[in-house]
Amino acid sequence: MSDSHTIRNLATLVRLRSTEVERLQGEMAAHNALRARYQQSLERLTGLYTGSGASGALPLAQSLNCGDYKQAVMALADTHRTDLSLHEANMALSQNALNAVWAKREALDQVLAQKQKSAAHAEQRRDTKRHDELATQCWFRGQVK
């Protein structure tokens with residue numbers, strides 16, 4: 001297989017890996033946005049049940065209603081915390097996948113750069129050899145006259 005064919009294939013692989021890295025980076029951005037929404041929701045829910053006041057100071061019916069409200073909001077906040085924890089675990093897996101793909105892309109990029117450098121060096125050697133042969137031919141022609 002020729003060097004140019006190998007370089008072309010490696011360049012294609014690097015582009016594909018770069019596309020995969022960009023896709024995973026987009027997923028991570030979406031995960032971060034969802035985590036921020038979870039955290040904002042938790043802050044609002046915490047504010048709701050702490051800001052509702054003391055339920056014991058109210059008349060009995062209102063006190064029961066306020067207590068039920070606080071329990072419902074606290075249960076919802078607890079569910080959000082659980083969901084956030086699961087989401088953060090999923091984010092860690094996505095980050096690991098992103099790191100692995102990025103490392104593969106970097107390795108391929110280094111191999112590509114090395115192959116390009118080697119091909120350029122080989123081309124330079126061929127050009128130098130061609131110039132030397134032309135110079136030799138010119139010298140012989142000058143000697144014959």
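Residues numbered from 1 in each chain as written. Predicted model: local features only at pLDDT ≥ 70, side-chain atom pairs only at ≥ 80, totals over all residues. Heavy atoms only, no water.

K.L.:
Before we move on, could you go through the overall build of the protein and cite the residues and values that matter?
P.N.:
Along the protein, the regular secondary structure elements total two helices and zero strands. The globule rule puts the C-alpha radius of gyration for 145 residues at 15 Å, and the 34 Å found for the protein is more than 25% above it. With the principal axes as the frame, the protein shows a C-alpha extent of 125 × 25 × 15 Å. Here the protein, with 145 residues, has 23% of them falling under the buried criterion. For the protein, the proportion of contacts with a sequence separation of at least 24, taken over those separated by at least 6, is 80%. Entry remark: accessible area of the protein is about 10,500 Å², with carbon and sulfur atoms responsible for 57%. (Helix = DSSP H or I, 4+ residues; strand = E, 2+ residues; numbered from the N terminus. Rg over C-alpha atoms; globule rule 2.2 N^0.38 Å. Buried < 20%, exposed > 50% of the residue type's maximum accessible area, 1.4 Å probe, protein only. Contact = heavy atoms within 4.5 Å. Areas by Shrake-Rupley, 256 points an atom, 1.4 Å probe, with all protein chains shown as cover.)

K.L.:
Help me get a handle on the packing of aromatic side chains, residues and values and all.
P.N.:
Pairs of aromatic rings are described using the distance from one ring centre to the other and the angle between the two planes. Summed over all chains, the structure comprises one aromatic pair. Seen from their ring centres, Trp139 and Phe140 are 5.4 Å apart, and the 55° between their planes marks the pair as tilted. Judged by relative accessible area, which is 47%, Phe140 ranks as partly exposed. (Phe/Tyr/Trp six-rings, centres within 6.5 Å; stacked < 30°, edge-to-face > 60°.)

K.L.:
Account for the pattern of salt bridges, with residues named and values stated.
P.N.:
As enumerated under the stated definition, the model contains five salt bridges in all. The partner of Arg23 in a salt bridge is Glu27, with the nearest N and O atoms 2.7 Å apart. Within this pair, Arg23 and its partner Glu27 are both found in helix α1 (residues 3-51), separated by four residues, close to a single helical turn. Residue class for Arg23 comes out partly exposed when judged on its relative accessible area of 43%. The class for Glu27 is partly exposed, based on a relative accessible area of 32%. (Salt bridge = Lys/Arg side-chain N within 4 Å of Asp/Glu carboxyl O.)

K.L.:
If you had to explain the environment of Asp109 to someone new, which residues and values would you point to?
P.N.:
Structurally, the position occupied by Asp109 is in helix α2 (residues 60-144). With relative accessibility at 30%, the residue Asp109 sits in the partly exposed group. Sequence separation of Asp109 and Ser18 is 91 residues, and the distance between their C-alpha atoms is 9.8 Å.

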